[in-house]
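Given next are the chains, with one letter for each unit.
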Amino acid sequence: MKNTAAATDSGRAHTGGSSSLSLFDDLPREAREPLGPGAFVLPGFALPFVNELLPAIDAVAGRAPFRHLVTPGGFTMSVALTNCGALGWTSDRRGYRYSATDPDTGLPWPPMPASFARLAREAAGAAGFENFAPDACLVNRYAPGARLSLHQDKDERDHGAPIVSVSLGMPAVFLFGGLARGDKAARVPLAHGDVVVWGGEDRLRYHGVLPLKEAPHPLLSQLGPIRINLTFRKAA
Ligand code: MD3
Ligand code: FE
């Protein structure tokens, strides 16, 4: 797999203990990449799901269109997003929150497609988090130049559940920081089809995405020059 060699050579911080590797005895060696004690890259894990995911993303975006939200500080996000599942993450001048309805339409968010739920559960299980049942899926869309500055995901009630992140389309460089904003961040290249599972003591790490550079990817003719990231959470 092309991206496996790139990821291995990237000089990422390997802080994971060897004990976590025993969780992966049934996976091929290249199919797991510990990033921290609770953070695992699963290169290409989503590839067998892609043909189901793309029409499902279109269906979600047809009912809850992508939008650029405003942060409480008054900045418009360069990343466009939408949600599916019982709860959706949203932001405006009053703050960040999870909501059962889409503030743009007043309607419930589209239900979580079955293919999304299956992928999230299987990926979490492959990283040692059994029976992951997310109630929220945030769908981020990046055009060239879009970025996500360093932040923590702490609007979820249960920080014990992992987060599962699925990268589709253009590659990106993910920033994996520490528990304080100023901690040095490792740069992790993420390619089309890669899945990352974050839990345990890595769940509250600062993280972000460097400005997207236009680059070729396997779905260029279908998606165009964009990156889609699905982030599955247990929010309630
Ligand atoms: C690491 N999205 O939507 S998800 C986000 O690629 C977000 O769009 C990124 O960060 C993206 O909030 C990456 C990966 C992620 C999520 C939660 C984490 C990474 C994390 C929590 C702790 C450490
Ligand atoms: Fe995040």
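Keep in mind that what you see is a predicted model, and the values were worked out from it rather than measured.

K.L.:
Help me out: how do you make sense of the coordination of the iron ion (ligand 2) in this one?
P.N.:
Around a metal, the perfect tetrahedron of four donors has angles of 109.5 degrees, and the perfect octahedron of six donors has angles of 90 or 180 degrees. Ligation of the iron ion (ligand 2) by protein atoms is provided by His151 (NE2), Asp153 (OD) and His207 (NE2), these donors lying 2.0 to 2.2 Å from the ion. All donors to the iron ion (ligand 2) come from one chain, and their sequence spacing reads H-x1-D-x53-H. With His151 in strand β7 (residues 148-151) and His207 in strand β12 (residues 207-209), the pair connects residues that are 56 residues apart, well separated along the chain. Taking the relative accessible area as the measure of exposure, His151 reaches 23% and is therefore partly exposed.

K.L.:
When you look at the confidence of the model for the protein chain in this model, what are you seeing that I'm missing?
P.N.:
Low-pLDDT stretches of the model should not have their predicted coordinates read in fine detail. In the predicted model, the protein chain carries a mean pLDDT of 88, and 86% of its residues have values of at least 70. Contacts for the low-pLDDT stretch residues 1-22, under 50 throughout, to residues beyond four places or in other chains number 31 contacts.

K.L.:
What's the story with the packing of aromatic side chains in this structure? I'm lost.
P.N.:
Note on aromatic pairs: each is described by the distance of the centres and the angle between the planes. Here the structure, examined in full by the defined rule, presents five aromatic pairs. Residues Phe176 and Trp198 carry aromatic rings whose centres are separated by 5.0 Å and whose planes lie at 45° to one another, so their mutual orientation is tilted. Within this pair, whereas Phe176 is found in strand β9 (residues 172-176), its partner Trp198 is found in strand β11 (residues 195-198), the two being separated by 22 residues in sequence. Taken together, the aromatic side chains of Phe174, Phe176 and Trp198 make up a single cluster linked through ring pairs. A cation over an aromatic ring shows up here: Arg141 above the ring of Phe66, its NZ or CZ 4.6 Å from the ring centre.

K.L.:
Just checking my understanding: could you explain the site of ligand 1 for this structure?
P.N.:
Taken together, 20 residues sit near ligand 1, with Asn140, Tyr142, Arg203, His207 and Arg227 positioned nearest. Interatomic distance of 2.9 Å between a side-chain N/O atom of Asn140 and an oxygen atom of ligand 1. In this structure, an oxygen atom belonging to ligand 1 sits 2.9 Å away from a side-chain N or O atom of Arg227. Contact with the protein chains removes 97% of the 500 Å² of surface that ligand 1 exposes when unbound. For ligand 1, the cavity whose grid points lie within 2 Å of the majority of its atoms is the largest pocket. Among the elements of the structure, β6 (136-142), β7, β8 (163-169), β9, β12 and β13 (227-233) are those that each provide at least two residues to the shell around ligand 1. A per-element tally of the shell around ligand 1 places β13 first, with four residues. Of the residues that constitute the shell around ligand 1, the class distribution is eight nonpolar, six polar and six charged.

K.L.:
How do you make sense of the sheet that holds β7 when you look at a structure like this?
P.N.:
The strand order β7-β12-β9-β10 describes an open sheet built from four strands, whose pairing is antiparallel. This sheet does not close on itself; its edge strands, each paired only once, are β7 and β10 (186-190). Between one strand and the next, the sheet's axes are offset by a mean angle of 20°, whatever the strand orientation. By the bridge criterion, three bridges tie β9 to β12 in an arrangement that is antiparallel.

K.L.:
Help me understand empty space enclosed by the protein in this model?
P.N.:
Unfilled space is identified by rolling a water-sized probe across the atoms. Applying the stated criterion across every chain yields a total of one cavity of 30 Å³ or more. When its volume is computed, the largest cavity comes out at roughly 30 Å³. Lining the largest cavity are Arg63, Ala64, Asp102, Thr105, Leu107, Pro108, Trp109 and Pro110. The class makeup of the residues in the lining of the largest cavity is five nonpolar, one polar and two charged.

K.L.:
Sorry if this is basic, but what is going on with the nonpolar core here?
P.N.:
Side chains of nonpolar character tend, in soluble globular proteins, to be buried together. Counting 37 residues, the largest nonpolar core has Phe116, Val164, Val166, Leu230 and Phe232 as the members making the most contacts within it. Ranked by residues supplied to this core, first place goes to helix α2 (residues 50-63) with seven residues. Apart from the residues lying within four places of it in its own chain, the contact partners of Phe232 are Met112, Phe116, Ala120, Phe132, Pro134, Ala136, Cys137, Pro162, Ile163, Val164 and Val166. Leu35, Val79, Trp198 and Val209 belong to the second-largest nonpolar core, a separate cluster that totals 27 residues.

Cut-offs applied
- Residues numbered from 1 in each chain as written.
- Chains lettered and ligands numbered in written order.
- Predicted model: local features only at pLDDT ≥ 70, side-chain atom pairs only at ≥ 80, totals over all residues.
- Heavy atoms only, no water.
- Donors = N, O, S within 2.8 Å, 3.2 Å for Na, K, Ca; no water.
- Helix = DSSP H or I, 4+ residues; strand = E, 2+ residues; numbered from the N terminus.
- Buried < 20%, exposed > 50% of the residue type's maximum accessible area, 1.4 Å probe, protein only.
- pLDDT = per-residue confidence, 0-100.
- Contact = heavy atoms within 4.5 Å.
- Phe/Tyr/Trp six-rings, centres within 6.5 Å; stacked < 30°, edge-to-face > 60°.
- Lys NZ or Arg CZ within 6 Å of the ring centre and 35° of its normal.
- Near = heavy atom within 4 Å.
- Polar contact = N/O pair within 3.5 Å; in protein donor to acceptor, adjacent residues only side chain to side chain.
- Areas by Shrake-Rupley, 256 points an atom, 1.4 Å probe, with all protein chains shown as cover.
- 1 Å grid on protein atoms, 1.4 Å probe; cavity = no way out; pocket = protein on both sides within 12 Å on 5 of 7 lines; lining within 4 Å.
- Sits in = over half its atoms within 2 Å of the grid points.
- Nonpolar A, V, L, I, M, F, W, Y, C, P; charged D, E, K, R; others polar.
- Pairing = 2+ DSSP bridges.
- Axes fitted to C-alpha atoms, helices over the stretch in contact; angles between N-to-C directions.
- Points joined across faces, edges and corners; volume = space filled by probe spheres on them.
- Core = buried A, V, L, I, M, F, W, Y, C linked by side-chain atoms within 4.5 Å.

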